[in-house]
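If you want the building blocks of each chain, they are given just below.
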Amino acid sequence: QINRALSLSKPTGSRPARLADLDIVIAPGWSSSGPYLWQTRWETKFKTARRIEQKDWLEPKKEDWVSAIEAELRRHTIPTLVVAHSLGVIAAAHAL
């Protein structure tokens, strides 16, 4: 089962979480995102960021999008931050 307690609180000890301590899962919206949108910039800027790939970016199916997010989250063993945009927000809400 996916750990549903995703939080930026304190992953270890008493110090606050830093982005470097987290895996970042990016869930873009419809049609993914181009090279100048924030999702792409985050993916290139943060070494722990990974974009979720969907089977079909232009004709989304709820079950496919939710399943892709759930599958990606199961791969992570450290605290994970999910950031989403547009339709990715809705799919992430269903996955979590």
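The preceding data block contains the structure.
Criteria and thresholds
- Residues numbered from 1 in each chain as written.
- Predicted model: local features only at pLDDT ≥ 70, side-chain atom pairs only at ≥ 80, totals over all residues.
- Heavy atoms only, no water.
- Helix = DSSP H or I, 4+ residues; strand = E, 2+ residues; numbered from the N terminus.
- Buried < 20%, exposed > 50% of the residue type's maximum accessible area, 1.4 Å probe, protein only.
- Pairing = 2+ DSSP bridges.
- Right-handed = clockwise from strand over helix to strand, strands pointing away.
- Arc of directions from axis to C-beta.
- Contact = heavy atoms within 4.5 Å.
- Salt bridge = Lys/Arg side-chain N within 4 Å of Asp/Glu carboxyl O.

A. Quick look at unusual backbone geometry. Unlike most non-glycine residues, Ser32 shows phi in positive territory, near 65°. Among the secondary structure elements, Ser32 is positioned in the loop between β1 (23-27) and α1 (38-45). In this model, Ser86 sits at a positive phi of 55°, which is unusual for a non-glycine residue. Take Ser86: it is sitting in the loop between β3 (80-84) and α3 (87-95).

B. Structural context of the pairing of β1. Burial analysis of β1 places five of its five residues in the buried class, the great majority of the element. Side chains of β1 alternate between two faces, with Asp23, Val25 and Ala27 and Ile24 and Ile26 buried alike. Bridge count between β1 and β3: five bridges; the pairing is parallel. Pairing of Val25 across the sheet is with Val82, part of β3. When β1 meets strand β2 (residues 49-51), the two strands line up parallel, connected through three bridges. Pairing of Ile24 across the sheet is with Ala49, part of β2. As for the winding sense of the linkage, the β-α-β connection from β1 through α1 to β2 is right-handed.

C. Representation of α3. Of the positions making up α3, those classed as buried are Gly88, Ala91, Ala92 and Ala95. Down the axis of α3, the sector holding all buried residues measures 100°, keeping them to one side. Next to the buried residues of α3 lie β1, α2 (62-74) and β3.

D. Focus on the pattern of salt bridges. In the structure shown here, the tally under the stated rule is four salt bridges. Arg18 is the partner of Asp21 in a salt bridge, and the nearest nitrogen-oxygen pair spans 3.3 Å. Close ionic contact of Arg50 with Glu72 constitutes a salt bridge, the shortest N to O distance being 2.8 Å. Here Glu72 lies in helix α2 and Arg50 lies in strand β2, a separation of 22 residues in the sequence. The class of Arg50 is partly exposed, set by a relative accessible area of 43%. Taking relative accessible area as the criterion, Glu72 reaches 4% and is therefore assigned buried. Connected through salt bridges with shared partners, the residues Arg50, Glu72 and Arg75 form a single ionic network.

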